[in-house]
Amino acid sequence: MIKIEAIVREEKLEDIKEALNKVEVNGITVSQVMGCGKQKGYKELVRGTEIDIIMLPKIKFEIIVSSEEWEQKTIKAIQEAAYTGNPGDGKIFSYDLRTVTRVRTKEVGTAAIN
Ligand SMILES: Nc1ncnc2c1ncn2[C@@H]1O[C@H](COP(=O)(O)OP(=O)(O)OP(=O)(O)O)[C@@H](O)[C@H]1O
Ligand SMILES: [Mg+2]
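Residues numbered from 1 in each chain as written. Chains lettered and ligands numbered in written order. Predicted model: local features only at pLDDT ≥ 70, side-chain atom pairs only at ≥ 80, totals over all residues. Heavy atoms only, no water.

J.: Is there a simple way to think about the pattern of salt bridges in this case?
T.: Side chains bearing opposite charge may pair, as long as their charged atoms lie close to each other. Within the structure shown, the criterion is met by 7 salt bridges. A salt bridge links R9 to D89, with the nearest nitrogen and oxygen atoms 2.8 Å apart. With R9 in the loop between β1 (2–8) and α1 (13–22) and D89 in the loop between α3 (68–82) and β4 (90–96), the pair connects residues that are 80 residues apart, well separated along the chain. According to the relative accessible area criterion, R9 is buried, its value standing at 12%. For D89, a relative accessible area of 14% translates into the label buried. Across the pair K17 and E14 runs a salt bridge whose closest N-O atoms are separated by 3.2 Å. Highlighted residues: K17 and E14, both in helix α1, separated by 3 residues, approximately one helical turn. (Salt bridge = Lys/Arg side-chain N within 4 Å of Asp/Glu carboxyl O. Helix = DSSP H or I, 4+ residues; strand = E, 2+ residues; numbered from the N terminus. Buried < 20%, exposed > 50% of the residue type's maximum accessible area, 1.4 Å probe, protein only.)

Laid out in structure tokens, this is it:
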């Protein structure tokens, strides 16, 4: 199992939800976060003054999938839906995941996500 985490522009929330729905990704967690990337939030704000680090509001998706095939499909859907071509479009991370337990059924592993 694999965990995908994507930190993207707030205004892309609906587009990304729609893209994930199209590839039949079901379980999704979304949260509002603050962050900065390599521009330290600077160029995105287009401010003339020297400021060390500015945290910008972003949204974070967390999605657990059962295989590398689903991982690739999910990352592609997010990348395409999140893209504007400008700095600040976001980043997508993925990790190996140890366990998932469905509380209602006690199913563990891929049975708990499918
Ligand atoms: N190395 C990192 N570690 C943790 N979070 C990060 C990292 N890089 C980016 N993020 C998160 O992703 C958000 C979007 O990053 P951003 O798109 O600005 O990345 P970038 O590397 O600066 O790429 P770009 O040049 O396209 O802006 C940040 O606000 C931050 O929340
Ligand atoms: Mg950036």
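J.: Before we go on, may I ask you to explain α1 in this structure?
T.: Given 3.6 residues per turn, any residue in an α-helix points the same way as the ones three and four places further on. Looking only at α1, the buried set comprises I16, A19 and L20. Down the axis, α1 shows its buried residues gathered within 100° of arc, on one side only. Along α1, exposed side chains directed more than 90 degrees from the buried face belong to E18, N21 and K22. Its buried side turned inward, α1 meets β1, β3 (56–65) and α3. Just downstream of α1 lies E24, where phi reads positive at about 65°. (Arc of directions from axis to C-beta. Contact = heavy atoms within 4.5 Å.)

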